[in-house]
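The chain contents come next:
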Amino acid sequence: MQASEGIKGKPGRGVGLGLALLSAVAFGGSGVAAKPLIEAGLDPLHVVWLRVAGAALVMLPVAWRHRGLLRSRPALLAGFGLLAVAGVQACYFAALSRIPVGVALLIEYLAPALVLGWVRFVQRRPVTRAAALGVVLAVGGLACVVEVWAGLSFDAVGLLLALGAACCQVGYFVLSDQGSDAGDDAPDPLGVIAYGLLVGTLVLTVVARPWGMDWSVLAAEADLDGSAVPAWVLLAWIVLIATVVAYVTGVLSVRRLSPQVAGVVACLEAVIATALAWVVLGEHLSAPQVVGGAVVLVGAFIAQSSAPAEPPGPGAVPAPETELSRSGSAS
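In this report, the structure presented in the accompanying data block is examined.

### Some details on the overall build of the chain
The secondary structure content of the chain amounts to 16 helices and two strands. Sorting the 331 residues of the chain into buried and exposed places 54% on the buried side. Residue pairs at least 24 apart in sequence account for 88% of intrachain contacts in the chain once pairs closer than 6 positions are excluded. Roughly 13,800 Å² of accessible area belongs to the chain as shown, and the carbon and sulfur atoms make up 68% of that amount.

Structure (structure tokens):
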């Protein structure tokens, strides 16, 4: 992962930012479209399976074209399918059945701060004080979102599932950038997405067992805050826009920017999803939760926009910003 690179380190900055924004908008609409299907009688895992399997079917011609990746990058394809596809979607959709869309997204978007943990403890590279401050703000904002003073008013299992989605999303940002600095030898991002969706479908087929699904729900209508909408229309949106378009633009944006910069823009997904859930589903949040959500996003932004400091060379005097990580107290 090239987490230390700023926007200038990757070509196509403007295009990359546009793709990242489009991905955030596409991903942000998934929960709003999925929750009515869950409330109509579909199990959350069945909705995830339909989403991933449908997208895999759409991307099947791409997978065939890039079948050479099965030999050259099997670990990358397996990891992307398990974490970035099956893990993120299963945990997120399961969380939706227990907690509001906005809260699930806000917790999931602790991921940008967790990327800093990857840089610090896995790559063993120092990070700045500002990055550590961003993590603290994100955690503090999360405490407001879940209203800890009320004795954790949200379902604890739902919160843990959303946190699991955050951990899996770290894998999405890290794996999306794999090989981006390899030039012509870099794995084609569309091929990685296609096989990631296929791997995710296989995993979710075992977990979700779709043969027990109530398929009649898809032929009926779902309630969208008082409005009847054909269930298949919501499913088509989830498959084509919130999955195929979202993943393609998301991975391409990471390749053009970096996991760090793309993570900043991706934080807008939480804002978009929360706003849509408020307007479309009528899921109103309290004032402290809105403030807490804003703090989570600010913290994630600070954490991700503070590039990890480069290790000082022999005999160099460490800069003040790196002292915190050298003492072991940075994230």
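Having seen the structure, we can now continue with the description.
### Details of empty space enclosed by the protein
All told, the structure shown has two cavities of 30 Å³ or more when counted by the stated rule. Counted as a void, the largest cavity has a volume near 110 Å³. The leading source of residues in the lining of the largest cavity is helix H6 (residues 74-96), at four residues. For the lining of the largest cavity, the class distribution of residues is seven nonpolar, three polar and three charged.

### Looking at the pattern of salt bridges
Close approach of charged atoms allows side chains with opposite charge to pair. Enumeration over the complete set of coordinates arrives at one salt bridge. Across the pair Asp155 and Arg98 runs a salt bridge, and its minimum N-O distance is 3.0 Å. Of this pair, Asp155 sits in the loop between helix H9 (129-145) and helix H10 (156-176) while Arg98 sits in the loop between H6 and helix H7 (101-108), and the two are 57 residues apart along the sequence. Residue Asp155 is classed as partly exposed on the basis of its relative accessible area, which comes to 29%. Residue Arg98 is classed as partly exposed on the basis of its relative accessible area, which comes to 42%.

### Details of the side chain of Ser30
Considering the arrangement of structural elements, one finds Ser30 in helix H2 (residues 30-39). A polar contact is formed between the side chain of Ser30 and the backbone oxygen of Phe27, at a distance of 2.9 Å. Among all residues touching Ser30, those that are not within four sequence positions of it are Arg51, Tyr92, Ile238 and Ala242.

### A word on H6
Its 23 residues give H6 an end-to-end C-alpha distance of 32 Å, which sits within 8% of 33 Å, the value for a rise of 1.5 Å per residue. Of all the 23 residues making up H6, 18 are buried; the element is thus mostly covered by neighbouring parts of the structure.

### Brief notes about the environment of Ser227
For Ser227, the location among the structural elements is in strand E2 (residues 227-230). With 53 residues separating them along the chain, Ser227 and Val280 place their C-alpha atoms 9.6 Å apart.

### Notes on the packing of aromatic side chains
Applying the stated criterion across every chain yields a total of seven aromatic pairs. Measuring from ring centre to ring centre gives 6.4 Å for Phe27 and Tyr172, while their planes differ by 85°; the resulting arrangement is edge-to-face. Taken as a pair, Phe27 in helix H1 (residues 13-28) and Tyr172 in helix H10 lie far apart in primary sequence, 145 residues in all. Given the relative accessible area of 9%, Phe27 is considered buried. Accessibility expressed as a relative area gives 7% for Tyr172, which makes it buried. Taking 6.3 Å as the distance between ring centres and 50° as the angle between the ring planes, the aromatic pair formed by Phe80 and Tyr172 counts as tilted. Residue Phe80 is located in helix H6, and its partner Tyr172 is located in helix H10; the two are separated by 92 residues in the primary sequence.

### Section: the layout of surface pockets
If you add up the space inside the largest pocket, you get close to 150 Å³. Along its surface, the largest pocket is lined by Gly29, Val32, Ala33, Leu224, Val233, Leu234, Trp237, Leu276 and Val280. Listing elements by their share of the lining of the largest pocket, those giving two or more residues are H2, helix H12 (231-256) and helix H14 (268-281). Sort the elements by how many residues they give to the lining of the largest pocket and H12 lands first, with three residues. Its residues assigned to classes, the lining of the largest pocket comprises eight nonpolar, one polar and no charged.

### Some remarks on the packing of H2 against H6
Running from amino to carboxyl end, H2 crosses H6 at an angle of 60°, the nearest separation of the two axes being 10 Å. Regarding the angle of H2 to H6, the classification is oblique. For the crossing formed where H2 meets H6, the hand is right-handed. Each of Ser30, Gly31, Ala34, Lys35 and Ile38 in H2 lies in contact with H6, whose residues at this interface are Tyr92, Phe93 and Leu96. Residues that form the contact of H2 with H6 fall into these classes: five nonpolar, two polar and one charged.

Analysis parameters
- Residues numbered from 1 in each chain as written.
- Predicted model: local features only at pLDDT ≥ 70, side-chain atom pairs only at ≥ 80, totals over all residues.
- Heavy atoms only, no water.
- Helix = DSSP H or I, 4+ residues; strand = E, 2+ residues; numbered from the N terminus.
- Buried < 20%, exposed > 50% of the residue type's maximum accessible area, 1.4 Å probe, protein only.
- Contact = heavy atoms within 4.5 Å.
- Areas by Shrake-Rupley, 256 points an atom, 1.4 Å probe, with all protein chains shown as cover.
- 1 Å grid on protein atoms, 1.4 Å probe; cavity = no way out; pocket = protein on both sides within 12 Å on 5 of 7 lines; lining within 4 Å.
- Points joined across faces, edges and corners; volume = space filled by probe spheres on them.
- Nonpolar A, V, L, I, M, F, W, Y, C, P; charged D, E, K, R; others polar.
- Salt bridge = Lys/Arg side-chain N within 4 Å of Asp/Glu carboxyl O.
- Polar contact = N/O pair within 3.5 Å; in protein donor to acceptor, adjacent residues only side chain to side chain.
- Expected span 1.5 Å × (residues − 1).
- Phe/Tyr/Trp six-rings, centres within 6.5 Å; stacked < 30°, edge-to-face > 60°.
- Axes fitted to C-alpha atoms, helices over the stretch in contact; angles between N-to-C directions.
- Parallel < 35°, antiparallel > 145°, perpendicular 65-115°, else oblique.
- Left-handed = near helix turned anticlockwise from the far one by under 90°.

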